[in-house]
Structures are given as C-alpha cells and as structure tokens.
Number of protein chains: 2
Amino acid sequence: MPEAASRRDAPIGVFDSGVGGLTVLRALRAALPAEDFVYLGDTARLPYGSKSAQTVCRYSLQAAEVLVQRGVKMLVVACNTASSVALDALRERHARLPVVGVLEPGAAAAAAATQNGAVAVIATEGTVRGGAYPRAIESLRPGLRVVQRACPLFVALAEEGWTDGPVAEAVARRYLEPLFSVPDAPDTLLLGCTHFPALMAPIRRAVGDRVMLVDSAATTARATAEGLATLRLAKEAGIGRLRLLATDGPERFARVGALFAGESVAAEDVELVDL
Amino acid sequence: MPEAASRRDAPIGVFDSGVGGLTVLRALRAALPAEDFVYLGDTARLPYGSKSAQTVCRYSLQAAEVLVQRGVKMLVVACNTASSVALDALRERHARLPVVGVLEPGAAAAAAATQNGAVAVIATEGTVRGGAYPRAIESLRPGLRVVQRACPLFVALAEEGWTDGPVAEAVARRYLEPLFSVPDAPDTLLLGCTHFPALMAPIRRAVGDRVMLVDSAATTARATAEGLATLRLAKEAGIGRLRLLATDGPERFARVGALFAGESVAAEDVELVDL
C-alpha cells in the first residue's frame, strides 16, 4: 500500500479531559462516517477546567503523545480548556500533524450568529481566565462585545446526569440571568465547554427563546472535514471503527459517557491507558 | 538536641485532594495549638472522589512522600476517599510513621451517636463504592444498619462557594430526602467528605432537626492528639506554624481554601510543589 493511502486509512485522534468530548466525537462520526476514531478521555486527571494553564498544557501534550503513538493522521482537541491553552504547544511538538481545536470553530460560529453585536460565552474557570474566546471572537469580527461567565457547576450536573429538573434549572438561572436580564443583553450564547450541550433544556429556559445557542461540536466536525479534504487525508470508503481509551475508571466512563455519546458504551470496550 | 526532642518538634503532615481537608486542619490546629503543620493539597489532580481506588492509592503514596521528605512526625490523611482506600498502603510504605485517617474517627463518632441503630453516610462516589464506612461502623457496633449515598454535587457546590441558598437547598433535598423520608429512617448522618461541613445549613434543613450530624474533623483531631500523647510525640510548648503546599493554582487554593480554613489564606503563602 503506498504511503499516502496508508495515511488516509489511519484513524483520527480525539482527546478530552473526560467524557464531555464525546459530544464532539458524536458530531465527528456523523459528519465523517467512513473514518476510524481513537478517543482518549483523561478521566484520571479531570477536570481540566479548574487547573492552571501550565498543568493543562502538560497533560494535553501527554495525551496527544498516546494518540500519536497509535498512528493518528489528525488530532482533534475536544476539550475547550485544552483548546484554549495548549493548541500552540501541541502544534509545535507535532509539527507534521494537523491539529484542530474546538475553540476556533466555536468562536467563528458565535461571531457569525450575532445580530446585535454582543456574544455571551460560558465555559470553565480555566477557559474564562485565559480569555481565549473573547480574543478569538474579537479577532474575527472586531467591535463585537463579549461577556464571559465561568459555570463549573454545569460540569458537575452533567457528570451526575442531572441534566434537567429543578436543580439544573436553579443553577442555570443563577449563572445566566445576570448576563441576559440587562439592557443590550447578548443575542448569542456560546456553550464553551463540551459538557454544556447536555444541559441544553434548562439553559434554553433560563435565557429565553430569542437567544441563539451555539456549541462547538458541529462546527468542529465541519472544520475537521474541511481539513481532511484540503490535506487529501479523507478515508475513501468503509464503515468507521471506534476505539475508546481512558486513563481511569472504564465503568464510570461507560456509564457517564453514554449520556454524551448518545449511544450506549460498554465498559469492556474502554481500554485503560496510563499517562 | 537529643533525637527524641527533635522528633517531637517536627511538624505534623496533613494531606488532602484539595482544600476540603482544611476543615480537618482547622480542627487539628484548634486541638493542638503548639504543633507545626505542613498541609499538602493535591489540587492538580483533584477530585479524588470520582477516581478508581488504584489511582487514589497511587496519588496518596506520592503525596505522603512529599510530606515524609519534609520530616513530618505523623501523617493525617484528611481526605475521606484516600482514607478509605489508601491507609493500608500508606502504613505499609511508611512503617515507622504513625498514620491517622479520617475514616475510623468518623465511623466511631457515628456508631456512638445513633440511638435507633441506623446511620446514613454521605460521601464521594469512590468512598461509597469502596464500602469502607459501612464496614468500619458495623465492625464497631455489629447489627447497626448503614445506608449510603454518593453526593458529588456537594463537592462542586462547596468549591463554587454556593454553600447556602436555593441551589444548595434543592441539591440537599434531592440527595437526602429519599434517605430520611422513610419509616425507620436513620437518626444519624455522617458527613463522609471534608467538603460537606461547608454545606451544614442546607443539609440540616433537608434532614430536619432530629437527625444528629457527625463529621470527622473534630474526632480526627482528637485521635491525632491521643496518638501524639501515646507515642510521646507531642510538642511541649510554643505557637505552631503552618506551611501550605499545593500541586496547582496557589491563587485558587487561597481563594477557595479560605472558606474551609475559616481564615483568610494569602496566595503567596502557598508553595507550589510538583508530584
């Protein structure tokens, strides 16, 4: 098999701090059904969202190394926190490997969606502190106004499976009403963490019907497909296979992961790897 | 200085997955005002509560190693999850070092408190899964009935500082009412995670006035004081000093830690260590 063809047949590597990135994987598999994927969830060290940029960067490089050793042809960073702080380091370390993050596609979708020029971003503490979303959105459409809010409890609610009901609703109201009950409130809300789409229903009720909700999963899948086409790396036919890796607790990964993957996950299909 | 005296003057090492153990440290300092303490919060890898026993054990051994290198005379494991899975391994690795966990003192307090023979334990997923509390309580008073519930959102609420108000109340009701709104409900609730005392008010309202709330902080301090006296390791006079170590994010450690420590913590007093 010539080298180019073997490279096209290689899998796409996806990594996240845990199971949240399975929402991105789901969009990737829907957009690219012929591709093989290797997904690594760094469940031993999650969450990344409350950790320093330096630590998240170090963890991201280690996670990428595992996927590179499995021969991936492209790397998708499904974690917003890692995308916002580690992308440059990953591209530098793996110069020949195309690296796609969720940040730029999400920022582009939000910048394109707003009509009134104001965008709200909700994310983890780490993502908000780093300021990567406001920078990315403002560089795409200078003059846009971006407000941010860290919503760490959304992650805990999603992990607990309490994605709707009175608790989720009270949390969503407490985080979001201050952003949207003001004059000139944003008309667009970017869900800047892979866990947040699981809480779509209470988020929608807290912000009302007029606000456009944007998440990174679909736009990241599109960016990945475009990248593959441009680089002539798309697999030509077949039905894609999936390999799941986790750094801790395959049972928990399977149980909680099913909520994000949108399909059942068997613990025996999750391979434990050490980082 | 003779060896025995220099050993008495050595600090006591305390470790936790993060800042929650500062509630235990606070009780220790109140009970033992002359002692020096070195507290290590493994903030880079928190939470331990959702991780496998094997991983928590490995992290605990690494954390203890740092404290042993600082010459501690005794080790207090302030994390319930670590106490429930790593105590044997720690005692084996450091055979000459007295090791106190929060699990046995908490279990003893709960076993002594119940009048109707039924105890409820709330803790992290890891602690509940391991079943160490029911085992410890039943071995102290055979025939007691122990029910358990994992309450991971309490950890997230405490870390967010939402320790009272409608959200905390809704979460407390959802976790606790099923345990206490049944016939023959327990009359004693053991708070089996160092984060939970921060949520005392909503927990109290959810369980009603008649349930006895027991936490490990005061009883662990008592067990530590007894251990020091028995081993003739108590420092004889002076005002104790405190050294704070964290594996990530000194600013966050200081900010969130103040809530648990009951006093302000300055980020520049927190030393960053690598594990």
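Keep in mind that this is a model prediction, so the values were computed, not measured.

Calculation notes
- Residues numbered from 1 in each chain as written.
- Chains lettered and ligands numbered in written order.
- Predicted model: local features only at pLDDT ≥ 70, side-chain atom pairs only at ≥ 80, totals over all residues.
- Helix = DSSP H or I, 4+ residues; strand = E, 2+ residues; numbered from the N terminus.
- Rg over C-alpha atoms; globule rule 2.2 N^0.38 Å.
- Buried ≥ 20, exposed ≤ 12 C-beta atoms within 10 Å, placed from the backbone.
- Contact = placed C-beta atoms within 7 Å.
- Pairing = 2+ DSSP bridges.
- Axes fitted to C-alpha atoms, helices over the stretch in contact; angles between N-to-C directions.
- Right-handed = clockwise from strand over helix to strand, strands pointing away.
- Least-squares fit on C-alpha atoms with pLDDT ≥ 70 in both.
- Nonpolar A, V, L, I, M, F, W, Y, C, P; charged D, E, K, R; others polar.
- Domains from an automatic or database assignment.

Please set out the overall build of chain A residue by residue, giving values where relevant.
Looking only at helices and strands, chain A features 12 helices and 10 strands. Since a compact globule built from 275 residues should have a radius of gyration of about 19 Å, the 18 Å found for chain A is in line with a globular shape. Principal axes of the C-alpha set define a box for chain A whose edges measure 60 × 40 × 35 Å. Residues classed as buried in chain A amount to 55% of the 275 residues present. Of all intrachain contacts in chain A linking residues separated by at least 6 positions in sequence, the fraction that spans at least 24 positions is 79%.

Describe the sheet that holds strand E2 (residues 37–41) of chain A, listing the residues and the values that go with them.
All names here are of chain A. Spatial strand order, E4-E3-E1-E2-E9-E10: 6 strands in an open sheet with parallel pairing. Of all the strands in the sheet, just strand E4 (99–101) and strand E10 (270–272) have a single pairing partner and so form its edges. Taken over all neighbouring pairs, the strand axes of this sheet differ in orientation by 20° on average, direction set aside. Where strand E9 (residues 242–246) lies against E10, 3 bridges are found, and the strand directions are parallel. Residue pairing in the sheet places Leu245 in a bridge with Glu271 of E10.

So what about the pairing of strand E7 (residues 188–191) of chain A? Which residues, and what values?
Residues and elements named next belong to chain A. Residues Thr188 and Leu190 line one face of E7 and the alternating positions Leu189 and Leu191 line the opposite face, and both faces are buried. Inspection of the sheet shows strand E5 (residues 118–123) paired to E7 by 4 bridges, in the parallel sense. Bridge assignment links Val119 to a residue of E7, and that residue is Thr188. After leaving E7, the chain enters helix H10 (residues 200–207) and then returns to the sheet as strand E8 (residues 212–215), a path that is right-handed.

Requested: an account of the relation of the copies chain B and chain A, with residues and values cited.
Expressed as a screw transformation, the operator carrying chain B onto chain A has a rotation angle of 180° and an axial translation of 0.0 Å, and the superposed copies differ by an RMSD of 0.0 Å. What we have between these two chains is a two-fold relation. Among all residues of chain B, the minimum C-alpha distance to the rotation axis is found for Arg45(B), at 2.6 Å. Mapped onto chain A, 100% of the interface residues of chain B are again interface residues, and the two copies thus contact each other with one and the same surface.

I'd love a proper account of the sheet that holds strand E7 (residues 188–191) of chain B, names of residues and values included.
Residue and element names in this part refer to chain B. Taken in spatial order, the 4 strands make up an open sheet running E6-E5-E7-E8, and their pairing is parallel. Two strands in the sheet have a free side with no partner beyond their single neighbour: strand E6 (145–150) and strand E8 (212–215). Neighbour to neighbour, the strand axes of the sheet diverge by 25° on average, direction disregarded. Inspection of the sheet shows E7 paired to E8 by 4 bridges, in the parallel sense. Its bridge partner lying in E8, Thr188 is registered against Met212.

Run through the interface of chain B and chain A, naming residues and quoting values.
Listed by partner, the interface residues are 19 residues for chain B and 19 residues for chain A. Counting residues per element, the ones that place at least two in the side of chain B that touches chain A are helix H8 (152–160) and helix H9 (166–180) of chain B. Residue classes in the side of chain B that touches chain A are distributed as 9 nonpolar, 4 polar and 6 charged.

Can you tell me about the domain arrangement of chain A, naming the residues and giving the values?
All names here are of chain A. Taken domain by domain, chain A comprises domain 1 (3–101 + 218–272) and domain 2 (104–216). Distance between the C-alpha centres of domain 1 and domain 2: 23 Å. Counting from both sides, the interface comprises 26 residues of domain 1 and, opposite them, 23 residues of domain 2. Taken together, the elements giving at least two residues each to the side of domain 1 that touches domain 2 come down to helix H2 (22–31), helix H3 (53–69), helix H4 (80–93), helix H11 (216–230) and helix H12 (250–261). A per-class count over the side of domain 1 that touches domain 2 returns 12 nonpolar, 11 polar and 3 charged.

How would you sum up helix H12 (residues 250–261) of chain B? Please name residues and give values.
Residue and element names in this part refer to chain B. Those residues of H12 not exposed but buried are Pro250, Arg252, Phe253, Ala254, Val256, Gly257, Phe260 and Ala261. Check the buried side of H12 and you find it contacts helix H2 (22–31), strand E2 (37–41), H8, strand E9 (242–246) and strand E10 (270–272). Just beyond H12, the residue with positive phi is Gly262, at close to 75°.

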